[in-house]
Amino acid sequence: MTSAQPPGTPLWRQAFDAAEKAVTPHAENLVRTPGFATGVTLLRRAQTMARDTARGVSARAWHLVNLPAGSDLARLRAQIGALDREVRRLTVQLENERRARAADPTPEEPDADGPQSPGGARPRAPRRRAQRPPRT
């Protein structure tokens, strides 16, 4: 950067360049000290702890009013993503099975909805009765 400003340089740019020229050497010396690295590490840990505490408090507040918190929604998004991947995998597997059956010249299995046996209707399984709690 040159010390001479080109003609027509805006006043704000001249002020910025002057401030940068004065501050830059001191800032570079500060950044290279071991205390700076320690300070940044402690500040980062404090920010993380504050963020995690705020998330925990807000999650408990949402749960108190019986609403989902952000963590609940993130977990649901992950589950939906896993289900979507599983459906895609099963769809591909089903398509592969269909292609294999179409290429296979063996006769197909009898249809379950086809004609019934000559003896008439199939017997039905007995229906279960509703269970009621025991009387006391």
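Residues numbered from 1 in each chain as written. Predicted model: local features only at pLDDT ≥ 70, side-chain atom pairs only at ≥ 80, totals over all residues. Heavy atoms only, no water.

S.K.: Can you break down a nonpolar patch on the surface residue by residue, with the values?
M.R.: A cluster of nonpolar side chains, Leu30, Val31, Phe36 and Val40, forms an exposed patch at the surface whose accessible area comes to about 330 Å². Every element with two or more residues in the nonpolar patch is listed here: α1 (11-31) and α2 (34-64). Structurally, the position occupied by phenylalanine 36 is in helix α2. (Patch = residues over 30% accessible without salt bridge, like charges linked within 9 Å, V, L, I, M, F, W, Y side chains within 5 Å. Areas by Shrake-Rupley, 256 points an atom, 1.4 Å probe, with all protein chains shown as cover. Salt bridge = Lys/Arg side-chain N within 4 Å of Asp/Glu carboxyl O. Helix = DSSP H or I, 4+ residues; strand = E, 2+ residues; numbered from the N terminus.)

S.K.: An account of the pattern of salt bridges is needed here, citing residue identities and associated values.
M.R.: Summed over all chains, the structure comprises 7 salt bridges. Among the ionic pairs, aspartate 72 bridges to arginine 75, the shortest N-O distance being 2.7 Å. Of this pair, aspartate 72 and arginine 75 are both found in helix α3 (residues 70-103), 3 residues apart, which corresponds to roughly one turn of the helix. Here aspartate 72 falls in the buried class, since its relative accessible area comes to 15%. Across the salt bridge formed by glutamate 86 and arginine 89, the nearest N and O atoms sit 2.6 Å from each other. Remark: arginine 89 and glutamate 86 occur in helix α3; sequence separation between them is 3 residues, near one turn of the helix. By relative accessible area, which is 44% here, arginine 89 ends up partly exposed. (Buried < 20%, exposed > 50% of the residue type's maximum accessible area, 1.4 Å probe, protein only.)

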